[in-house]
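# Summary of the model geometry
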Amino acid sequence: MADPTDILNWRRIDRRITTSGQPTEAQLAQIKDLGATVIVNLGPHSNDGALDDERGTVEGLGMRYVYIPVDFENPTQQDFDQFCSALEQTADTRVHVHCIYNARVSAFFYRYAREGRGGSEADQFAVMDGIWRPGGVWADFIGKTEDTGLENRFLGYEY
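A brief report on the enclosed structure follows. (Residues numbered from 1 in each chain as written. Predicted model: local features only at pLDDT ≥ 70, side-chain atom pairs only at ≥ 80, totals over all residues. Heavy atoms only, no water.)

On to the overall build of the chain, then. Scanning the chain for helices and strands turns up six helices and seven strands. For a compact globule of 159 residues, the expected C-alpha radius of gyration is about 15 Å, and the chain comes in at 15 Å, within 12% of that figure. In terms of overall dimensions, the chain has C-alpha extents of about 45 × 30 × 30 Å along its principal axes. Counted over contacts in the chain with a minimum sequence separation of 6, partners at least 24 positions apart contribute 66%. Element-wise, carbon and sulfur atoms account for 46% of the exposed surface of the chain, whose accessible area totals about 7,600 Å². (Helix = DSSP H or I, 4+ residues; strand = E, 2+ residues; numbered from the N terminus. Rg over C-alpha atoms; globule rule 2.2 N^0.38 Å. Contact = heavy atoms within 4.5 Å. Areas by Shrake-Rupley, 256 points an atom, 1.4 Å probe, with all protein chains shown as cover.)

The next thing to look at is the sheet that holds strand β4 (residues 64-67). Taken in spatial order, the five strands make up an open sheet running β1-β2-β5-β3-β4, and their pairing is mixed. What marks the edges here is a single partner per strand, and that holds for β1 (11-12) and β4. (Pairing = 2+ DSSP bridges.)

Taken as a whole, this structure holds one cavity of 30 Å³ or more when the rule is applied. Roughly 70 Å³ of internal volume is contained in the largest cavity. In terms of lining, the largest cavity is formed by W10, R12, R15, R16, I17, T18, I31, L34, G35, A36, R94 and V95. Class assignment of the residues belonging to the lining of the largest cavity gives a composition of six nonpolar, two polar and four charged. (1 Å grid on protein atoms, 1.4 Å probe; cavity = no way out; pocket = protein on both sides within 12 Å on 5 of 7 lines; lining within 4 Å. Points joined across faces, edges and corners; volume = space filled by probe spheres on them. Nonpolar A, V, L, I, M, F, W, Y, C, P; charged D, E, K, R; others polar.)

Written out as structure tokens, the structure is:
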């Protein structure tokens, strides 16, 4: 089965990891059909566009649900540690990681690669840059302090 083209900011990190913005219930079923057995959600349930009962939908499809609600205004080291732990605990399975827009997720994967934990830093920068360019607290979070004084910029809106 080919990667879906209708899921917001869909990206394939490697053979076992995919990412995106918020999938619909039907799209979660598509992701399962691609072989995913774990869904990791970094987007708070309170965000506009979040599913009413994502955990119930994911578990109803027979997948495991990991919820790490990252405050967009304040990503923390604890959030990142939980993300790293989730990836380590699912090292032998197919995983889909999402948030609302794939901004949080792409930044987390960039930092993950930048810290030498897995993946290519250049590849993960390209994925992130194809979605957004973090500024402010996000620039600090990913270690690009030269961009701390900039606003977040989103592809198609501000660059």
